[in-house]
Amino acid sequence: MSKSGLLLGEEIAGVNQILPHKHQFAWDLFLKGVANNWSPSEINMGDDIDQWKNGSLSKDEKLLVKRCLGFFAGSESLVGNNLLLTVARWVTDPECRQYVLRQAYEESLHNWTVVTCCDSFGLKVSEVYEAYLNIPSIKAKDDFLMEIRNLVSYYIVCEGTFFFSGFAMLLALGRQNKLPGLSDQIRYTLRDESLHIQFGTYLINTLKEQYPSVWTKKFEEETVEHVKKAVELEIAYAHDVLPRGILGLNADMFVDYMQYIGNRRLEGIGIDFRFESDENPFPWLSEVVDTGAMTNFFERKVKDYQNSGVLDDDF
Ligand code: MN
Ligand code: FE
């Protein structure tokens, strides 16, 4: 039982006493997550399968899909592992654990999305599930995530930064009515991830307050270094995914985008460092991705999609 209201340090395997609430924020995010119920099996992939097989997608567009799924296949599983092996072990606060249980379920859905796409398009395991071994820029990102495994890095670097390039790339297809089913899967995933980042940001800021001795200048500097390294790895990855400009995207735009997103994440956890480029090169994505807009978006739309399994959003 958590009596102290501290996030860490209670008995690891004891009873979790959820009431009275001590971290209402985590409880509220749990409810928001549940209101966003969806499952990959509810999304019609028929048009996607037609488009994939009838030649309406270019070779470069297919490469983009395979590389994005290749990264998600490895990294979504790493996020799940980090939740189970690290976050759930150390974060003993009952409401935070309740949120982590929900998040872990959502990560399992994201894994399922990748499986659904592999099945629908008949993709090779070696190109998607073994991309973390076969594609150097994806291997570099996954190796980095495994090396820096900690709570801050996963919420800020992996979910908060790396995932957003993939979302932008896949939603750029959807914008041109290409792979509409995959696009819907990504929009649902993006909503989940937006809540994960809100939770992670809350968790980190609360840990900072409760354990000031851990949040040293050195730790802050390391965190900045991690985000810088993430931006660097993203550049190589963007070149692999987009060898030529397509869909109004090119690799250089992702350098700007990663710096812009990195700045937002660092701002969220009260770190002063900022990258030079602070403009979002994808204004069309801003309503979907911007954390502030996303919150409004959730509030505006929550009734429409609560348990409905249908996306009717207008972004
Ligand atoms: Mn996920
Ligand atoms: Fe997540």
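Cut-offs used in this document
Residues numbered from 1 in each chain as written. Chains lettered and ligands numbered in written order. Predicted model: local features only at pLDDT ≥ 70, side-chain atom pairs only at ≥ 80, totals over all residues. Heavy atoms only, no water. Helix = DSSP H or I, 4+ residues; strand = E, 2+ residues; numbered from the N terminus. Buried < 20%, exposed > 50% of the residue type's maximum accessible area, 1.4 Å probe, protein only. Contact = heavy atoms within 4.5 Å. Areas by Shrake-Rupley, 256 points an atom, 1.4 Å probe, with all protein chains shown as cover. 1 Å grid on protein atoms, 1.4 Å probe; cavity = no way out; pocket = protein on both sides within 12 Å on 5 of 7 lines; lining within 4 Å. Points joined across faces, edges and corners; volume = space filled by probe spheres on them. Nonpolar A, V, L, I, M, F, W, Y, C, P; charged D, E, K, R; others polar. Axes fitted to C-alpha atoms, helices over the stretch in contact; angles between N-to-C directions. Left-handed = near helix turned anticlockwise from the far one by under 90°. Donors = N, O, S within 2.8 Å, 3.2 Å for Na, K, Ca; no water. Tetrahedral: all angles 85-135°; square planar, octahedral: opposite > 155°, others 65-115°. Parallel < 35°, antiparallel > 145°, perpendicular 65-115°, else oblique. Expected span 1.5 Å × (residues − 1). Core = buried A, V, L, I, M, F, W, Y, C linked by side-chain atoms within 4.5 Å.

**So, the overall build of the chain**
No. 1: If you tally the helices and strands in the chain, you get 13 helices and zero strands.
No. 2: Listing each helix as α and each strand as β along the chain from the N terminus yields α-α-α-α-α-α-α-α-α-α-α-α-α.
No. 3: Sorting the 315 residues of the chain into buried and exposed places 56% on the buried side.
No. 4: Partitioning the contacts of the chain with sequence separation of at least 6, the portion at a separation of at least 24 is 79%.
No. 5: When the accessible surface of the chain is summed, it comes to about 13300 Å², and 53% of that surface belongs to carbon and sulfur atoms.

**Things to note about empty space enclosed by the protein**
Once rolled over the atoms, a probe with the size of a water molecule shows which space is left empty.
No. 1: In total, this model carries one cavity of 30 Å³ or more according to the counting rule given.
No. 2: Computed from the structure, the largest cavity encloses a volume of approximately 70 Å³.
No. 3: For the lining of the largest cavity, the secondary-structure elements that each account for two or more residues are α3 (59-90), α4 (94-121) and α9 (180-210).
No. 4: Grouping the amino acids of the lining of the largest cavity by side-chain chemistry returns five nonpolar, three polar and one charged.

**A short note on the packing of helix α8 (residues 151-175) against helix α11 (residues 251-268)**
No. 1: Close contact between α8 and α11 brings their axes to 10 Å; oriented N to C, the two are set at 145 degrees. Where α8 crosses over α11, the two elements pack in a sense that is right-handed. The segment α8 lies against α11, with Ile156, Gly160, Thr161, Phe164, Ser165, Ala168 and Met169 engaging Phe254, Tyr257, Met258, Ile261 and Arg265.
No. 2: Here the residues of the contact of α8 with α11 sort into eight nonpolar, three polar and one charged.

**Focus: the coordination of the iron ion (ligand 2)**
No. 1: Only Glu107 (OE), Glu159 (OE), Glu193 (OE) and His196 (ND1) from the protein coordinate the iron ion (ligand 2), and they sit 1.7 to 2.1 Å from it.
No. 2: Considering all four donor atoms around the iron ion (ligand 2), the spread of angles at the metal, 88 to 163 degrees, places the coordination shape in the irregular class.
No. 3: Counting along the primary sequence, the residues that act as donors to the iron ion (ligand 2) give the motif E-x51-E-x33-E-x2-H.
No. 4: Between the iron ion (ligand 2) and the manganese ion (ligand 1), the interatomic distance is 3.1 Å, and Glu107 donates to each metal, bridging them. In this pair, Glu107 sits in helix α4 while Glu159 sits in helix α8, placing the two residues 52 residues apart along the sequence.
No. 5: Residue classification places Glu107 among the buried residues on the basis of a relative accessible area of 1%.
No. 6: Residue classification places Glu159 among the buried residues on the basis of a relative accessible area of 1%.

**Considering the coordination of the manganese ion (ligand 1)**
No. 1: Donor atoms from the polypeptide that coordinate the manganese ion (ligand 1) comprise Glu76 (OE), Glu107 (OE), His110 (ND1) and Glu193 (OE), at 1.9 to 2.2 Å from the metal.
No. 2: Here the donor residues for the manganese ion (ligand 1) map to a single chain with the spacing E-x30-E-x2-H-x82-E.

**Things to note about the packing of α3 against α8**
No. 1: Viewed as axis vectors pointing N to C, α3 and α8 meet at an angle of 155 degrees, and their least axial separation amounts to 10 Å. The orientation of α3 with respect to α8, classified from their angle, is roughly antiparallel. As for how α3 packs across α8, the hand of that crossing is left-handed.
No. 2: In terms of residue class, the contact of α3 with α8 is made up of 19 nonpolar, three polar and three charged.

**So, the environment of Asn82**
No. 1: Here Asn82 is to be found in helix α3.
No. 2: A relative accessible area of 2% places Asn82 in the buried class.
No. 3: Taking the C-alpha atoms as reference points, Asn82 and Arg149, separated by 67 residues in sequence, lie 7.3 Å from one another.
No. 4: Beyond its immediate stretch of four places on either side in the chain, Asn82 contacts Val87, Arg149, Asn150 and Tyr154.

**A look at helix α1 (residues 24-35)**
No. 1: Taking 1.5 Å per residue, twelve residues should reach 16 Å; α1 reaches 17 Å between its end C-alpha atoms and fits that length.
No. 2: Turning to α1, its buried residues are Ala26, Trp27, Leu29, Phe30, Gly33 and Ala35.

**Some points on the layout of surface pockets**
No. 1: Taken as a whole, the largest pocket spans an internal volume of roughly 310 Å³.
No. 2: Lining the largest pocket are 15 residues, and of these Leu8, Leu151, Val152, Leu207 and Val214 lie nearest its centre.
No. 3: Among the residues forming the lining of the largest pocket, the class breakdown is twelve nonpolar, two polar and one charged.

**Regarding the environment of Trp90**
No. 1: Relative to the helices and strands, Trp90 is located in helix α3.
No. 2: Separated by 82 residues in sequence, Trp90 and Leu8 have C-alpha atoms that sit 5.8 Å apart.
No. 3: Those residues in contact with Trp90 that lie beyond four places of it in its chain are Leu7, Leu8 and Gly9.

**A few points about the nonpolar core**
No. 1: With 94 residues, the main nonpolar core has Leu64, Val65, Met169, Leu170, Phe199, Phe254 and Tyr257 as its most contacted residues.
No. 2: Sorting the residues of this core by element identifies α1, α3, α4, α7 (136-147), α8, α9, α10 (217-241) and α11 as the ones contributing at least two each.
No. 3: No other element matches the 17 residues that α8 contributes to this core.
No. 4: When residues no more than four places from it in sequence are discounted, the contact partners of Phe199 are Ala26, Leu29, Cys96, Tyr99, Val100, Gln103 and Tyr155.

Remember that the coordinates give geometry; whether it matters functionally is a separate question.
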